[in-house]
Every structure is written in structure tokens, then in C-alpha cells.
Amino acid sequence: MRYRRFGKTNLSLSVFSLGTMRYLASEATAAQTVNRAIALGINHLETAKGYGKSEQYLGQALAQLTVPRSQLYITTKISPTPDAASMARQLDQSLADLGTDYVDCLAIHGLNTEEHLSWVKAKQGCMQAVQQAVADGRVRHIGFSTHGSLELILAAIATGLFEFVSLHYYYFFQHNAPAVAAAAAKDMGVFIISPADKGGQLYTPPQKLQELCAPLSPLLFNYRFLLSDPRITTLSVGAANETELDWPLSVADVDGPLDVAETEVLQRLQTHQTATLKSEQCSQCYDCLPCPEAIQIPEVLRLRNLAIAYDMTNFGQYRYRMFENAGHWFPGVKANRCTDCGDCLPKCPEQLNIPALLQDAHERLNGPSGRRLWG
Ligand code: SF4
Ligand code: SF4
């Protein structure tokens with residue numbers, strides 16, 4: 001296992017972190033997963049108030065460990081609140097559930113909207129309670145996790161309130177690259193959320209993607225893509241049980257830039273996408289936003305790109321069906337809401353027929369609804 005400095009926190013974190021949102025089958029499963037993670041060299045355990053019994057199970061597992069608490073780093077996450085008092089109450093409950101006097105890192109969980117950012121910046125807002133907890137030693141370092149827009153993430157980083165950020169950034173979703181750069185420029189730690197699942201459901205890749213990534217697996221290629229970037233500190237592994245840790249961690253000792261074979265995979269993926277999508281490829285410039293109907297055009301067309309180029313239709317459907325169903329965690333409406341107003345057309349440097357591509361994406365990704373709309 002390699003370890004990297006988590007930005008200005010100066011914590012030395014394992015390049016893989018145990019995310020504890022999926023080990024919830026039982027207290028015993030959680031304890032076995034934690035034990036195995038630590039045996040494999042993971043020293044960073046990440047949980048959240050919103051993950052059901054995750055904090056309690058982690059607290060019970062920690063109580064049984066022989067490893068000193070000082071050698072483990074615990075992050076928990078609490079959703080932003082407009083006031084300090086409710087944040088203070090939730091933090092006390094988290095510490096009680098975790099059975100610890102302090103957490104190494106506390107992240108504002110899901111800083112996703114302008115309203116959340118205003119709560120964070122407000123003098124009497126949730127950060128007052130967080131900063132009090134830092135002053136009295138219950139919290140050592142402060143960060144935020146986000147599913148928000150790039151603009152929002154950059155604005156949150158620019159507040160200077162945070163020492164680390166947890167965000168989405170993968171080979172198949174590189175739009176947040178400027179946020180990684182901005183975080184690095186502020187010497188913040190960078191934690192990558194869910195590179196296996198949100199990164200493309202890479203535990204179950206389609207055959208075509210497997211062939212393009214050979215001799216690597218798509219999952220390990222994505223891990224190597226991320227870990228070849230020294231600005232990235234650690235990747236979340238959301239293992240449901242102890243056996244799910246072995247495969248991801250097979251690249252935990254590989255450091256440095258992509259080697260020749262890995263670089264060939266990267267080039268092959270790029271070439272294949274361009275050749276397959278031809279003049280229908282969305283280049284992910286985001287220039288077409290905003291759409292008056294709140295369609296997240298680039299994200300819809302990213303999922304279409306992936307479905308057509310790499311057969312990642314299951315992943316595309318999984319994400320697409322979250323539109324209109326996941327609130328601020330996945331904003332935007334489905335592509336069939338396009339009114340053909342034409343506002344986006346002159347803004348697209350690729351001169352794409354956006355309404356037609358959105359319609360096609362909807363038919364591919366909305367899934368079976370009685371009649372099958374695509375072959
Ligand atoms: S044409 Fe459709 S996608 Fe484009 S701006 Fe209008 S409603 Fe939005
Ligand atoms: S402007 Fe065109 S290329 Fe850019 S994100 Fe929108 S649809 Fe894609």
C-alpha cells in the first residue's frame with residue numbers, strides 16, 4: 001500500500017480508503033471488512049451520518065481493534081445545515097455512534113447547491129459549529145464532499161474554508177479536472193468518490209470495454225489513471241464485504257505515471273470513441289448550458305457517448321434514470337423534455353444537432369417502458 005499526503009491536513013493516507021456505505025449487511029460483515037482493509041494497509045475509513053448504521057458499525061469495529069486509534073484516520077460527513085445548532089447536535093451524535101472523542105476529518109456532505117454554499121459561508125451557519133469543534137479538538141480537519149457543478153465546486157474551494165475535497169473525477173468523467181487543479185493549488189487533499197461504481201460500473205464492464213482496456217481491466221485502468229496523478233490523494237473503495245477489497249487493492253503498490261501498456265489503453269479508448277461517434281461526439285465543453293428546460297445536455301450526451309462507444313448502456317441507464325429522481329444529488333430533467341427551442345444550437349462548437357441527439361439518448365437510456373425503442 002502506498003501513502004500520500006492529504007494536502008494541508010498533512011495526514012498520510014493510504015491511496016485507497018474504505019468507504020463504508022455498502023458493508024451494512026450486518027455488524028459482523030462490517031467488522032470483517034474493516035479488519036481486512038486495515039490488514040491490507042488501508043488507514044483511512046470513511047463514513048457518513050447518512051449511511052444508515054455505518055457510523056455505529058464502524059464504531060463497534062474500531063472498539064474491537066488492536067490497532068491504536070492514532071494510526072487510523074476517520075472521516076465522517078454531515079449534510080450542510082442553515083444553522084450551527086443542528087450541525088453541533090449531529091456532530092455529537094456522530095462522535096457517540098463512532099465511539100470516539102474526535103474525527104480526523106469532517107466533511108460537509110453533499111455541498112451541492114448555491115444554497116448549501118450560502119449556509120457554509122454564513123457567519124452563524126453550520127461552519128460555526130464545525131470550527132468550534134476544531135477549536136475544542138473534536139474535529140481535526142475540515143473538507144467537503146460534492147456532487148455539484150464544477151462552478152460550485154470551484155466557488156467552495158475558493159472560500160478557503162476547507163482542507164480537502166471529495167469529488168467525482170474519473171477517466172470517463174474528466175469535467176472536474178479544473179477542480180482537482182484548484183484544490184491542488186490550495187494544497188487541499190483530493191479524495192475521489194466511488195471510482196468503481198460512479199466511475200462507470202466498472203465491476204461489471206461490458207465485453208467491448210474489457211477488450212479495449214486489455215491487458216488491464218477497466219476498473220484497474222481507471223484506478224491507475226487516477227493514481228498516476230500525484231494531486232489525487234486517495235480513492236474510495238466501497239466494499240460490501242472483505243472479499244471485495246482484494247481486486248481493487250491489487251494496484252495499491254503501483255505508483256508513478258502510466259506505463260507504456262496503460263498509455264496505449266488510454267489512447268485506444270480515445271481513438272475508439274472518436275472513430276465510433278464520428279460527427280455525433282459531444283466533446284463535453286459545456287458551452288450549451290444553461291438549457292431553459294434544465295436539461296443537463298453535456299451529462300446526457302456523455303452517457304450517450306459511453307453507451308455508443310463502449311457499450312456502457314447499463315451504466316448510462318443507471319445514471320440517466322436518476323434524472324428527476326435524485327434531487328440535488330443528480331439535478332436536471334430527462335432529455336425528452338427538450339422543446340426544440342434551439343437556444344443551445346448556436347453555442348455548440350461541434351455543431352451537433354442537440355435536440356435529435358437528446359431524443360436518441362432518451363430512447364437508449366430511459367430503459368424498457370413497454371415498447372423497445374432501439375435495436
Ligand atoms: S433545444 Fe432543447 S436542449 Fe436545447 S436549449 Fe432548447 S430545450 Fe434545451
Ligand atoms: S456545446 Fe456541444 S459539444 Fe459542448 S457539451 Fe454541449 S453538446 Fe456537447
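Residues numbered from 1 in each chain as written. Chains lettered and ligands numbered in written order. Predicted model: local features only at pLDDT ≥ 70, side-chain atom pairs only at ≥ 80, totals over all residues. Heavy atoms only, no water.

## Some thoughts on the overall build of the protein chain
Phase 1 of the analysis: Helices and strands together make up the secondary structure of the protein chain, namely 13 helices and ten strands.
Phase 2 of the analysis: Here the protein chain has a C-alpha radius of gyration of 21 Å; the compact-globule value for 375 residues is 21 Å, and the two agree.
Phase 3 of the analysis: By element, 50% of the accessible surface of the protein chain is carried by carbon and sulfur atoms, the whole surface being about 15,600 Å².
Phase 4 of the analysis: Where the 32 positive side-chain charges of the protein chain centre and where its 36 negative ones centre are 1 Å apart. (Helix = DSSP H or I, 4+ residues; strand = E, 2+ residues; numbered from the N terminus. Rg over C-alpha atoms; globule rule 2.2 N^0.38 Å. Areas by Shrake-Rupley, 256 points an atom, 1.4 Å probe, with all protein chains shown as cover. Lys, Arg positive; Asp, Glu negative; His and termini not counted. Charge placed at Lys NZ, Arg CZ, Asp CG, Glu CD.)

## Section: the environment of Tyr-171
Phase 1 of the analysis: If you trace the backbone, Tyr-171 turns up in the loop between β8 (164-167) and α7 (177-185).
Phase 2 of the analysis: With residues up to four places along the chain from it excluded, the contact list for Tyr-171 reads Phe-221, Asn-222, Phe-225, Leu-266, Leu-269 and Gln-270. (Contact = heavy atoms within 4.5 Å.)

## Structural notes on the sheet that holds strand β9 (residues 189-192)
Phase 1 of the analysis: Taken together, eight strands build a closed barrel; the order of strands is β3-β4-β5-β6-β7-β8-β9-β10 and the barrel is parallel. Each strand axis lies, on average, 30° off the axis of its neighbour in the sheet, ignoring direction.
Phase 2 of the analysis: Bridge analysis of strand β5 (residues 73-78) against strand β6 (residues 103-108) gives four bridges, and the strand direction is parallel. Across the sheet, residue Ile-78 finds its bridge partner in β6, namely Ile-108.
Phase 3 of the analysis: Sitting on the sheet, helix α3 (residues 84-98) touches β5, β6 and β7 (139-145), and the angle it makes with β5 is about 140°. (Pairing = 2+ DSSP bridges. Axes fitted to C-alpha atoms, helices over the stretch in contact; angles between N-to-C directions.)

## Side note on the confidence of the model for the protein chain
Phase 1 of the analysis: Summarising the model, the protein chain shows a mean pLDDT of 93, and 98% of its residues fall at 70 or more.
Phase 2 of the analysis: Contacts of residues 370-375 to residues separated by more than four positions or lying in other chains number six contacts, the stretch itself having pLDDT below 50. (pLDDT = per-residue confidence, 0-100.)

## Considerations on the packing of aromatic side chains
Phase 1 of the analysis: Enumeration according to the criterion identifies 13 aromatic pairs in this entry.
Phase 2 of the analysis: Taking the centre distance of 5.0 Å and the plane angle of 35° together, the rings of Phe-6 and Phe-164 count as tilted. A residue pair is termed long-range when its members are at least 10 positions apart, and Phe-6 in the loop between β1 (3-5) and β2 (12-14) and Phe-164 in strand β8 qualify at 158 residues.
Phase 3 of the analysis: Each residue in the set Tyr-169, Tyr-171, Phe-172, Phe-221, Phe-225 and Tyr-310 is aromatic and connected to the rest through ring pairs, giving one cluster. (Phe/Tyr/Trp six-rings, centres within 6.5 Å; stacked < 30°, edge-to-face > 60°.)

## Digging into empty space enclosed by the protein
Phase 1 of the analysis: For the coordinates displayed, the defined rule picks out two cavities of 30 Å³ or more.
Phase 2 of the analysis: The volume enclosed by the largest cavity comes to roughly 100 Å³.
Phase 3 of the analysis: As for the largest cavity, its lining consists of 18 residues, of which Cys-291, Pro-292, Cys-338, Cys-341 and Cys-344 are closest to the centre.
Phase 4 of the analysis: If one sorts the elements of the lining of the largest cavity by residue count, helix α13 (residues 354-365) sits on top with three residues.
Phase 5 of the analysis: Considered class by class, the residues forming the lining of the largest cavity number twelve nonpolar, two polar and four charged.
Phase 6 of the analysis: Of the voids in this model, the second largest cavity is the one considered here, and its volume is about 90 Å³.
Phase 7 of the analysis: For the lining of the second largest cavity, the element with the highest residue contribution is helix α11 (residues 297-310), accounting for three residues. (1 Å grid on protein atoms, 1.4 Å probe; cavity = no way out; pocket = protein on both sides within 12 Å on 5 of 7 lines; lining within 4 Å. Points joined across faces, edges and corners; volume = space filled by probe spheres on them. Nonpolar A, V, L, I, M, F, W, Y, C, P; charged D, E, K, R; others polar.)

## Topic: the site of ligand 1
Phase 1 of the analysis: Within the structure, ligand 1 sits among 13 residues, and Cys-291, Cys-338, Cys-341, Gly-342 and Cys-344 are positioned closest to it.
Phase 2 of the analysis: One can see that ligand 1 is located within the largest cavity.
Phase 3 of the analysis: In terms of residue class, the shell around ligand 1 is made up of eight nonpolar, two polar and three charged. (Near = heavy atom within 4 Å. Sits in = over half its atoms within 2 Å of the grid points.)

## Observations concerning the side chain of Glu-299
Phase 1 of the analysis: Secondary-structure assignment places Glu-299 in helix α11.
Phase 2 of the analysis: Of the residues examined, Glu-299 reaches a relative accessible area of 10% and is grouped as buried.
Phase 3 of the analysis: If we skip the residues at most four places from it in the chain, Glu-299 touches Phe-173, Tyr-286, Phe-323 and Phe-330. (Buried < 20%, exposed > 50% of the residue type's maximum accessible area, 1.4 Å probe, protein only.)

## A look at the pairing of β9
Phase 1 of the analysis: Neither face of β9 is exposed, since Gly-189 and Phe-191 on one face and Val-190 and Ile-192 on the opposite face are all buried.
Phase 2 of the analysis: Two elements, β8 and β9, share four bridges in a ladder whose sense is parallel. When the bridges of β9 are listed, Ser-166 appears paired with Phe-191.
Phase 3 of the analysis: Each parallel crossover has a hand, and the one from β8 via α7 to β9 is right-handed.
Phase 4 of the analysis: In terms of strand pairing, β9 meets strand β10 (residues 234-237) through two bridges, oriented parallel. (Right-handed = clockwise from strand over helix to strand, strands pointing away.)

## Some remarks on the site of ligand 2
Phase 1 of the analysis: Around ligand 2, the surrounding shell holds 13 residues, and the nearest of these are Cys-282, Cys-285, Tyr-286, Cys-288 and Cys-348.
Phase 2 of the analysis: One can see that ligand 2 is located within the second largest cavity.
Phase 3 of the analysis: Tallied by class, residues from the shell around ligand 2 come to ten nonpolar, two polar and one charged.

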